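Breakdown of the fold
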Amino acid sequence: MRFTAEQRLDDGVLEREFTLGEIPGILWTPGPASEPAPLILLGHPGGLRKMYPRLAARARHSAAEGYAAVTIELPGSGDRPRSAAAEQARADLRRALQSGEPVEEIVERLIPPLVEKAVPEWQAALDALLALPEISGPVGLAGGVIALGVRLAVVEPRIAAALLFAGSFVPRGMFEEARQVTIPLHVLLQWDDEGNDRQLALDLFDAFGSKEKTLHANMGGHTGVPQFEGDDGNRFFARHLK
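Residues numbered from 1 in each chain as written. Predicted model: local features only at pLDDT ≥ 70, side-chain atom pairs only at ≥ 80, totals over all residues. Heavy atoms only, no water.

What follows deals with unusual backbone geometry. The step from Gly137 to Pro138 runs through a cis peptide bond, and the omega angle for that step is 0 degrees. With respect to the secondary-structure elements, Pro138 resides in strand E6 (residues 135-143). (Helix = DSSP H or I, 4+ residues; strand = E, 2+ residues; numbered from the N terminus.)

The next thing to look at is the packing of helix H3 (residues 104-129) against helix H4 (residues 146-155). Between two packed helices, the angle of one axis relative to the other and the distance separating the axes together describe the packing. Put simply, H3 and H4 touch, their axes get as near as 9 Å, and they point 50 degrees apart. As the angle between them shows, H3 and H4 are arranged oblique. Crossing hand, H3 versus H4: right-handed. Of the residues in H4, those touching H3 at Ile111, Val115, Glu116, Ala118, Val119, Trp122 and Gln123 are Ala147, Leu148, Arg151, Leu152 and Val155. Classifying every residue of the contact of H3 with H4 gives nine nonpolar, one polar and two charged. (Axes fitted to C-alpha atoms, helices over the stretch in contact; angles between N-to-C directions. Parallel < 35°, antiparallel > 145°, perpendicular 65-115°, else oblique. Left-handed = near helix turned anticlockwise from the far one by under 90°. Contact = heavy atoms within 4.5 Å. Nonpolar A, V, L, I, M, F, W, Y, C, P; charged D, E, K, R; others polar.)

All right, on to H4 then. Of all ten residues making up H4, eight are buried, and the element is well covered by its neighbours. By the burial criterion, the buried members of H4 are Ile146, Ala147, Leu148, Gly149, Val150, Arg151, Leu152 and Ala153. Where the residues of H4 are buried, they touch H3, E6, strand E7 (159-165), helix H5 (174-178) and helix H6 (198-207). (Buried < 20%, exposed > 50% of the residue type's maximum accessible area, 1.4 Å probe, protein only.)

Under the defined criterion, the tally for this structure stands at 18 salt bridges. The residue Glu134 makes a salt bridge to Arg16 at a minimum N-O spacing of 2.6 Å. Of this pair, Glu134 sits in the loop between H3 and E6 while Arg16 sits in strand E2 (residues 14-20), placing them 118 residues apart in sequence. Between Glu22 and Arg80 there is a salt bridge whose closest N-O contact spans 2.9 Å. One end of the pair, Glu22, is in the loop between E2 and strand E3 (23-29); the other, Arg80, is in the loop between strand E5 (68-72) and helix H2 (84-99), and 58 residues separate them in sequence. Sharing partners across several salt bridges, the network here consists of Asp92, Arg95, Glu105 and Arg109. (Salt bridge = Lys/Arg side-chain N within 4 Å of Asp/Glu carboxyl O.)

This part is about the pairing of E3. Within E3, six of the seven residues are buried, which leaves the element mostly enclosed by the surrounding structure. Here seven bridges tie E2 to E3, and the two strands are oriented antiparallel to one another. When the bridges of E3 are listed, Leu20 appears paired with Ile23. Two successive antiparallel strands, E2 and E3, enclose a turn made up of two residues, where Gly21 displays a positive phi of approximately 65 degrees. (Pairing = 2+ DSSP bridges.)

Ring pairs (aromatic) are described by centroid distance and by the angle formed between their planes. Using the criterion set out here, one finds three aromatic pairs in the structure. For the pair Tyr67 and Phe237, a centre-to-centre distance of 6.5 Å together with 65 degrees between the ring planes defines the contact as edge-to-face. Taken as a pair, Tyr67 in the loop between helix H1 (48-63) and E5 and Phe237 in helix H7 (residues 228-241) lie far apart in primary sequence, 170 residues in all. Pair check on accessibility: Tyr67 and Phe237 agree, each one buried. (Phe/Tyr/Trp six-rings, centres within 6.5 Å; stacked < 30°, edge-to-face > 60°.)

What follows is about the nonpolar core. Generally speaking, a soluble globular protein has its nonpolar side chains buried in company with each other. By size, the foremost hydrophobic cluster in this structure holds 60 residues, and its most contacted members are Leu39, Leu41, Leu148 and Phe208. Per element, the largest residue contribution to this core is 13 residues, and it comes from H3. Other than its neighbours up to four places away in sequence, Leu41 contacts Val70, Trp122, Leu126, Val139, Gly140, Leu141, Ala142 and Ile159. Of all hydrophobic cores here, the second largest spans 22 residues; its members include Ala69, Ala161, Leu163 and Leu241. (Core = buried A, V, L, I, M, F, W, Y, C linked by side-chain atoms within 4.5 Å.)

Next up on the list: the sheet that holds E5. Strand order in the open sheet made by the nine strands is E1-E2-E3-E5-E4-E6-E7-E8-E9, with mixed pairing throughout. At either end of the open sheet lies a strand with only one pairing partner, and these are strand E1 (2-8) and strand E9 (213-218). On average, each strand axis in the sheet is inclined to that of its neighbour by 20 degrees, with strand direction left out of account. Inspection of the sheet shows strand E4 (residues 37-43) paired to E6 by seven bridges, in the parallel sense.

So, about the side chain of Glu177. Along the chain, Glu177 turns up in helix H5. The exposure class assigned to Glu177 is buried, which follows from its relative accessible area of 16%. Within the structure, the side chain of Glu177 is placed 2.6 Å from the side chain of Arg151, a separation counted as a polar contact. The contact partners of Glu177, leaving out residues within four places of it in the chain, are Val150, Arg151 and Val154. (Polar contact = N/O pair within 3.5 Å; in protein donor to acceptor, adjacent residues only side chain to side chain.)

Take a negative patch on the surface next. On the surface, a cluster of negative charge is made up of Glu104, Glu108, Asp197, Asp203 and Asp206. When residues of the negative patch are traced back to their parent elements, those giving at least two are H3 and H6. Take Asp203: it is sitting in helix H6. Given a relative accessible area of 31%, Asp203 falls into the partly exposed group. (Patch = residues over 30% accessible without salt bridge, like charges linked within 9 Å, V, L, I, M, F, W, Y side chains within 5 Å. Areas by Shrake-Rupley, 256 points an atom, 1.4 Å probe, with all protein chains shown as cover. Lys, Arg positive; Asp, Glu negative; His and termini not counted. Charge placed at Lys NZ, Arg CZ, Asp CG, Glu CD.)

As structure tokens, this is what we get:
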């Protein structure tokens, strides 16, 4: 991991950009503290620069509660090399959604390859981040592509709790993995999400094997998650990371 830029934000949060091989990322840590901070992994749909305002707001909200937060760019997004197959699948998905055609086959082409590439990258980032003296476990996961969150929750023992957003497409094969998830879950669902299959999201929640799992469903579209859900998320992580 190589830090490439840093700035101290007006609330005392230290924001540092880094690269991990070819992967860009951003780490936010609270103001000076006497002990290492628990870490939250901030997921997003890809396009780190485009998503920066929302990610920074989430990170600063978490830092105010004493958490460090980090995000990395997804494979094939932002300034990272493109995959011709993934680009074609995205174009096909946009066209299918506009015309009301089935999307299951396209989702199978798009999401599983993304998960296969992204999970080892997140694990490598965790290796590097947990070696820093200002960061400690346990680790929480918040948001992003839900299929990626499910896989990480299954294979990464350092993740103790996850806040998942049911706002992205889920391959049918992911349901078997969902049954293997055992960590505490807090799941957000936008009831009128124009790009999400509501029933599929409810079925996925039902499939999760966790003994502690909570679903918060709010009215509104994809970007209409109420601000108070951030406070609820922090309370969820306080129960499991502190």
